Amino acid sequence: MTDTQERNPGEPLRVGVLGARGRMGIEVCKAVDAADDLELVAAVDQGDDLSAVSGAGAQVVVDFTTPDVVMDNLRWCVEQGISAVVGTTGFTEQRLEQVRGWLAGKPDVSMVIAPNFGIGAVLMMQFAARAARYFESVEIIEQHHPRKLDAPSGTATHTARQIAQARAEAGLGPVPDATRDEVPGARGADIDGVRVHAVRATGLVAHQEVLFGTTGETLTIRHDSYDRVSFMPGVLLAVRAVRNHPGLTVGLDALLD
Ligand SMILES: NC(=O)C1=CN([C@@H]2O[C@H](COP(=O)(O)OP(=O)(O)OC[C@H]3O[C@@H](n4cnc5c(N)ncnc54)[C@H](O)[C@@H]3O)[C@@H](O)[C@H]2O)C=CC1
Ligand SMILES: O=C(O)C1=N[C@H](C(=O)O)C[C@H](O)C1
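All values reported here derive from a predicted model rather than from experimental measurement.

A few points about the site of ligand 1
Argument step 1. Contacts to ligand 1 come from 20 residues, most closely from Arg23, Met24, Asp45, Thr89 and Phe117.
Argument step 2. Within the contact set of ligand 1, an oxygen atom lies 2.8 Å away from a backbone nitrogen or oxygen of Met24.
Argument step 3. At a separation of 2.8 Å, an oxygen atom of ligand 1 approaches a polar backbone atom of Phe117.
Argument step 4. For ligand 1, whose unbound accessible area comes to 860 Å², protein coverage reaches 83%.
Argument step 5. Of the residues assigned to the shell around ligand 1, the class counts are seven nonpolar, eight polar and five charged.

Points about the side chain of Thr89
Argument step 1. Inspection of the secondary structure puts Thr89 in the loop between strand 4 (83-86) and helix 4 (93-104).
Argument step 2. Side chain to side chain, Thr89 and Asp150 meet in a polar contact 3.0 Å long.
Argument step 3. Excluding residues within four positions of it along the chain, Thr89 makes contact with Pro67, Val70, Lys148, Asp150 and Gly154.

Concerning the sheet that holds strand 1 (residues 13-18)
Each strand in a sheet pairs with its neighbour through backbone hydrogen bonds, running either in the same direction (parallel) or in the opposite one (antiparallel).
Argument step 1. Ordered in space as 2-1-3-4-5-11, the six strands form an open sheet in which the pairing is parallel. For this open sheet the edge positions go to strand 2 (38-44) and strand 11 (247-250), each flanked by a neighbour on one side alone. The sheet shows a mean angle of 20 degrees between the axes of neighbouring strands, taken without regard to direction.
Argument step 2. Pairing of strand 3 (residues 60-63) with strand 4, which is carried by four bridges, proceeds in the parallel orientation. Each bridged residue has a counterpart across the sheet, and for Asp63 the counterpart in strand 4 is Val86.

Describing the nonpolar core
Argument step 1. Judged by nonpolar contacts, the single largest core of 31 residues is most densely connected at Val28, Leu38, Val62, Val85, Phe117 and Val239.
Argument step 2. Of all the elements, helix 7 (residues 232-241) adds the most residues to this core, at six residues.
Argument step 3. Leaving out residues up to four positions away in the same chain, Val62 has contacts with Val15, Gly16, Val17, Leu18, Val28, Val85, Val235 and Val239.
Argument step 4. One finds Ala166, Val175, Val196 and Ile221 within the second-largest nonpolar core, a separate group that totals 21 residues.

Quick word on the packing of aromatic side chains
Argument step 1. This model, assessed by the stated rule, comprises two aromatic pairs.
Argument step 2. Ring centres of Phe135 and Phe212 lie 5.3 Å apart, and the angle between their planes is 35 degrees; this geometry places the pair in the tilted category. Residue Phe135 is located in the loop between helix 5 (119-131) and strand 6 (137-144), and its partner Phe212 is located in strand 9 (residues 206-214); the two are separated by 77 residues in the primary sequence. For the residue pair Phe135 and Phe212, the accessibility class agrees, reading buried in each case.

What about the site of ligand 2?
Argument step 1. Taken together, Thr89, Pro115, Asn116, His144, His145, Lys148, Ser153, Gly154, Thr155, Ala206 and Phe231 form the complete shell of residues around ligand 2.
Argument step 2. At 2.7 Å from an oxygen atom of ligand 2 is found a side-chain nitrogen or oxygen belonging to Lys148.
Argument step 3. In this structure, Thr155 approaches ligand 2 through a side-chain N or O atom, which is 2.5 Å from an oxygen atom.
Argument step 4. A total of 320 Å² of accessible area belongs to ligand 2 in isolation, and the protein chains cover 83% of it.
Argument step 5. When the residues that make up the shell around ligand 2 are grouped by side-chain class, the tally is three nonpolar, seven polar and one charged.

Description of the sheet that holds strand 8 (residues 194-200)
Argument step 1. Read from one edge of the open sheet, five strands run 7-8-6-9-10, paired in mixed fashion. Of all the strands in the sheet, just strand 7 (189-191) and strand 10 (217-225) have a single pairing partner and so form its edges. Taking the axes of each pair of neighbouring strands and ignoring which way they run, one obtains an average angle of 25 degrees across the sheet.
Argument step 2. Across three bridges, strand 7 lies against strand 8 in antiparallel orientation. By the bridge assignment for strand 8, Asp190 is matched with Arg195.
Argument step 3. Across the sheet, helix 5 is in contact with strand 9 and strand 10; its angle to strand 10 comes to roughly 160 degrees.

The rules we used
- Residues numbered from 1 in each chain as written.
- Chains lettered and ligands numbered in written order.
- Predicted model: local features only at pLDDT ≥ 70, side-chain atom pairs only at ≥ 80, totals over all residues.
- Heavy atoms only, no water.
- Near = heavy atom within 4 Å.
- Polar contact = N/O pair within 3.5 Å; in protein donor to acceptor, adjacent residues only side chain to side chain.
- Areas by Shrake-Rupley, 256 points an atom, 1.4 Å probe, with all protein chains shown as cover.
- Nonpolar A, V, L, I, M, F, W, Y, C, P; charged D, E, K, R; others polar.
- Helix = DSSP H or I, 4+ residues; strand = E, 2+ residues; numbered from the N terminus.
- Contact = heavy atoms within 4.5 Å.
- Pairing = 2+ DSSP bridges.
- Axes fitted to C-alpha atoms, helices over the stretch in contact; angles between N-to-C directions.
- Core = buried A, V, L, I, M, F, W, Y, C linked by side-chain atoms within 4.5 Å.
- Buried < 20%, exposed > 50% of the residue type's maximum accessible area, 1.4 Å probe, protein only.
- Phe/Tyr/Trp six-rings, centres within 6.5 Å; stacked < 30°, edge-to-face > 60°.

Encoded structure:
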């Protein structure tokens, strides 16, 4: 921690928000503003100067921007010695490795990158990973509002990777599927051998079903975010905790235990 980022006991933690005029950024600004132990010192969006964040002495940045700008934002945060809580999607294993590399040389800076800050969504992913070894079939159906830029969702991608890992550890082979004559896209995307289907419709916010099947039974695990306020307890938890978790933390799981 640099001197300017030291937290004086009793003083609120200074928070800057990137993507502040976006759907999530607006909610994050409101939630930070409403928390007695946090102070919103900078609200930055596209076209604004990032120096507003360092100039205001932000100790933690929250980033809900877009996959094409988030890496530049995070590199800037590390250079400035500011820890970050990141909800923006688009984190491949390669990107996560890059972030770990930046943080390796900066022991006082840390980050939490979470595909989903909804507590229910985190549990849904945990339950799915736990169920994975018992079912020969699995498919993921994610459903979102039509203004979402990416597909499949970060949550669905993360869930698929966790399921694939659990299947591999349990010695399960490929998911059975005899389909041959396929209209491209009809069977969804293949993420580590798990089919993921992305639905976009007006009226939806963020929803996901994980459908498991084995002989004579199916299990459906479903989570629904009906309002973006559902993400705020997780975001605030990460803001308060990030500086006590050195390096990169992926997902909220380690903060909830
Ligand atoms: N991890 C989680 O729990 C959640 C993650 N998300 C993800 O968060 C991201 C944002 O989602 P929304 O708020 O719905 O999108 P949005 O499009 O409403 O907001 C993105 C905002 O970032 C701004 N922006 C673009 N470039 C910028 C830059 N260089 N610096 C500062 N601001 C910049 C845009 O102008 C816009 O206001 C997406 O990747 C989405 O998938 C969304 C909801 C929950
Ligand atoms: O863009 C969204 O809205 C959401 N994005 C995240 C994702 O891609 O998983 C989290 C949640 O699903 C909402």
